[in-house]
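Now for the letters of each chain:
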Amino acid sequence: MPQSIPATLRDQTLSLLASGAVTSRSDLVDALRVAPSTVSAVVRRLIEEGVLEEEGVGRSTGGRRPRILRLRETEGVLAVAELGGKHARVGLCGAGGALRGTEEVPIDIAAGPEKVFGVVTETFARIQGSVAPGQTLRGVGVALPGPVEFPGGRIVGPARMPGWSGIDPGRFLSGAFGGGAGMPVIVDNDAKAAAIGEHVVRDQQPGDMIYIKAGTGIGACLVSGGQIFRGGRGLSGDVTHVRVADSGERQCSCGSRGCLETVASGAALARQLGSPDMNMRDIMVAVGDGDPTVVTMVRQAGRLLGVALTGLVNFLNPSAVVIGGALSSLDVYVAATRGMLYEGCLPSMTQSLTIEASVAGPDAALIGLGHLLRSSVS
Ligand SMILES: [Zn+2]
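Owing to the predicted nature of the structure, the values given are computational and were not obtained by experimental measurement.

**Comments concerning the overall build of the chain**
What the chain contains, in helices and strands, is 13 helices and twelve strands. In terms of overall dimensions, the chain is globule-like: its C-alpha atoms have a radius of gyration of 22 Å, near the 21 Å expected for 378 residues. With respect to the principal axes defined by its C-alpha atoms, the chain has extents near 65 × 50 × 40 Å. Each of the 378 residues in the chain was classed as buried or not, and the buried ones make up 43%. For the chain, restricting intrachain contacts to residue pairs at least 6 apart in sequence, the fraction spanning at least 24 positions comes to 63%.

**With respect to the domain arrangement of the chain**
Per the domain assignment, the segments making up the chain are domain 1 (7-71), domain 2 (77-193 + 364-377) and domain 3 (203-358). One C-alpha centre belongs to domain 2, the other to domain 3, and the line joining them spans 25 Å. Each side of the interface is counted separately: domain 2 has 16 residues, and domain 3 has 20 residues. By residue number, the principal contributor to the side of domain 2 that touches domain 3 is helix α6 (residues 190-201), which donates three residues. Within the side of domain 2 that touches domain 3, the residues separate by chemical class into eight nonpolar, three polar and five charged.

**Let's talk about the packing of helix α10 (residues 292-316) against helix α11 (residues 331-344)**
At their nearest, the axes of α10 and α11 sit 7 Å apart, and the two run at 40° to each other. Accordingly, the angle class assigned to the pair α10 and α11 is oblique. Our pair here, α10 against α11, has a crossing hand that is right-handed. For the pair α10 and α11, the contacting residues are Val295, Val298, Arg299, Ala301, Gly302, Arg303, Leu305, Gly306, Val307, Leu309, Thr310 and Val313 in the first and Val332, Tyr333, Val334, Ala335, Ala336, Thr337, Gly339, Met340, Leu341 and Gly344 in the second. The residue makeup of the contact of α10 with α11, split by class, is 14 nonpolar, six polar and two charged.

**So, the sheet that holds strand β7 (residues 185-189)**
Across the sheet, which stays open at both edges, the five strands sit in the order β5-β4-β3-β6-β7 with mixed pairing between neighbours. Of all strands in the sheet, those bounded by a partner on one side alone are β5 (99-106) and β7. Ignoring strand direction, the axes of neighbouring strands in this sheet form an average angle of 15°. When strand β4 (residues 87-94) meets β5, the two strands line up antiparallel, connected through seven bridges. Residue pairing for β5: Ala88 is matched across the bridge by Val105. Lying over the sheet, helix α4 (residues 113-131) contacts β3 (77-83), β4 and β5, oriented at roughly 40° with respect to β4. α6 rests against β3, β6 (137-144) and β7 of the sheet, and its axis sits at about 100° to β7.

**Quick look at the packing of α6 against helix α13 (residues 364-377)**
Interaxial distance between α6 and α13 falls to 6 Å at its minimum, and their mutual angle equals 80°. By the angle between their directions, the pair α6 and α13 is classed as roughly perpendicular. Between α6 and α13, the residues in contact are Asp190, Ala193, Ala194, Ala195, Ile196, Gly197, Glu198, Val200 and Val201 and Ala364, Ala365, Leu366, Ile367, Gly368, Leu369, His371 and Leu372, respectively. Considered class by class, the residues forming the contact of α6 with α13 number twelve nonpolar, three polar and two charged.

**Some points on the pairing of β7**
Along β7, five of the five residues are buried, which leaves the element largely enclosed by surrounding structure. Here β7 shows a buried face lined by Val185, Val187 and Asn189 and a second buried face lined by Ile186 and Asp188. Here β6 runs beside β7; their pairing, made up of five bridges, is parallel. Each bridged residue has a counterpart across the sheet, and for Val142 the counterpart in β7 is Val187.

**Structural notes on the sheet that holds strand β8 (residues 209-214)**
As summarised here, the arrangement of the five strands in space is β10-β9-β8-β11-β12, forming an open sheet in which the pairing is mixed. For this open sheet the edge positions go to β10 (227-228) and β12 (354-357), each flanked by a neighbour on one side alone. Judged from the five bridges that link them, β8 and strand β11 (residues 320-324) form a sheet pairing that is parallel. Residue pairing in the sheet places Met209 in a bridge with Ala320 of β11.

**Description of α10**
Three- or four-residue spacings in an α-helix give side chains the same orientation, since the helix completes a turn every 3.6 residues. Given a rise of 1.5 Å per residue, 25 residues ought to cover 36 Å, and the 35 Å separating the end C-alpha atoms of α10 matches this to within 8%. Remark: the principal bend of α10, roughly 35°, maps to Leu309. In the stretch just after α10, Asn317 is the one whose phi turns positive, near 50°.

**Some points on the nonpolar core**
As a rule of thumb, soluble globular proteins bury nonpolar side chains together. By size, the foremost hydrophobic cluster in this structure holds 94 residues, and its most contacted members are Tyr211, Leu260 and Ala301. Here this core gathers at least three residues from each of two domains, domain 2 (77-193 + 364-377) and domain 3 (203-358). Every residue in contact with Leu260, bar those within four places of it in the chain, is listed here: Ile218, Val239, Thr240, Val242, Val244, Leu304, Leu305 and Ala308. Membership of the second largest hydrophobic core comes to twelve residues, among which are Leu14, Val22, Val39 and Val42.

**A word on the environment of Pro113**
Counting through the fold element by element, Pro113 comes out in helix α4. Overall, Pro113 belongs to the buried group, with 23 C-beta atoms counted inside 10 Å. Between the C-alpha atom of Pro113 and that of Ala194, which follows or precedes it by 81 residues, the distance is 21 Å. Contact partners of Pro113, with chain neighbours within four places excluded, come to Trp164, Ile167, Pro169 and Phe172.

**Some thoughts on unusual backbone geometry**
Look at the link from Phe150 to Pro151: it is a cis peptide, with omega at -5°. Structurally, Pro151 can be placed in the loop between β6 and α5 (169-177). Despite not being glycine, Glu249 shows a phi value in the positive range, around 55°. With respect to the helices, strands and loops of the structure, Glu249 is situated in the loop between β10 and α7 (261-264). Even without being glycine, Asn317 reaches a positive phi, approximately 50°. By the secondary structure assignment, Asn317 is in the loop between α10 and β11. What makes Asn317 partly exposed here is the crowd of 14 C-beta atoms within 10 Å.

What counts as what
- Residues numbered from 1 in each chain as written.
- Predicted model: local features only at pLDDT ≥ 70, side-chain atom pairs only at ≥ 80, totals over all residues.
- Helix = DSSP H or I, 4+ residues; strand = E, 2+ residues; numbered from the N terminus.
- Rg over C-alpha atoms; globule rule 2.2 N^0.38 Å.
- Buried ≥ 20, exposed ≤ 12 C-beta atoms within 10 Å, placed from the backbone.
- Contact = placed C-beta atoms within 7 Å.
- Domains from an automatic or database assignment.
- Nonpolar A, V, L, I, M, F, W, Y, C, P; charged D, E, K, R; others polar.
- Axes fitted to C-alpha atoms, helices over the stretch in contact; angles between N-to-C directions.
- Parallel < 35°, antiparallel > 145°, perpendicular 65-115°, else oblique.
- Left-handed = near helix turned anticlockwise from the far one by under 90°.
- Pairing = 2+ DSSP bridges.
- Expected span 1.5 Å × (residues − 1).
- Bend = angle between axes of the 7 residues up to and from the residue.
- Core = buried A, V, L, I, M, F, W, Y, C linked by C-beta atoms within 7 Å.

Have a look at this one:
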């Protein structure tokens, strides 16, 4: 009789194997912290499903040599893309979700979905031509820099995406990629996709994680029990429009005043540096040059992010606050956020709290989309 196994255990097992973090049943026992009999049941079920195979001889650690577990190569590829205001990062994943190739291309998100997805499909075709020619497309995932409704994937009042409000990107994507009605299409917010990517790269550690995507704007996502916390309409995590003290009451892109975005984002730093059209790379260069005025600005931006997160940390008591996005490569920004959290939170909250920069890096959202899609195509 085939035994049913919990979906999360199945998912964790597949992710651990896909990432290469585990290669045997005993590795799985250690990584999942479950009984060997549970691992045996999961492995047996996945082998019966044809998803997994067990063969060969692994590293000997004395005693019986472990057999190697590996995912069966599934035919086909997944297209994934993360859109920013001026750039798109496009990637190709194997059907198992592992990222196999990426390319960054310039776009203008304000040009609207038709033009932007045209660039994305062209870029994907180029990547596929070099890493997986002739393979069937089995799913498409896109991460957008604005609030995305869940389920449904509609964009809701995006401040930086004129012409996108209320459109159904899933429909556009199916058309643009020539997928049939049955092809899985996932549309998610960029911070949510990146948070899941970070969770996967961190070997799906247990515990609750607040992930911050600090780029032109500031997005956030809570990952709890391995799942994205979405909230009632799917719009959770929009810290960029949280009002913060000491913000100078500047007008925000959302129409309100004094939002975190006006003081702690890449857009705010560009404005403070005197050229609002500066991109994130220009800001990195200015900080890298060590100009004390610029470093002070970045430190203050990081501190204000910390102010906005203090209440969240006290309320949620997470195990980790992870800062991703372009600004996370600036040590001074991450250190200032950390300092403010230590200063503003209850000591009992920060005692075992990890506050650090992302380990998944710029591919976090693409890795997350591959992971989310894998579950819907396998
Ligand atoms: Zn705002």
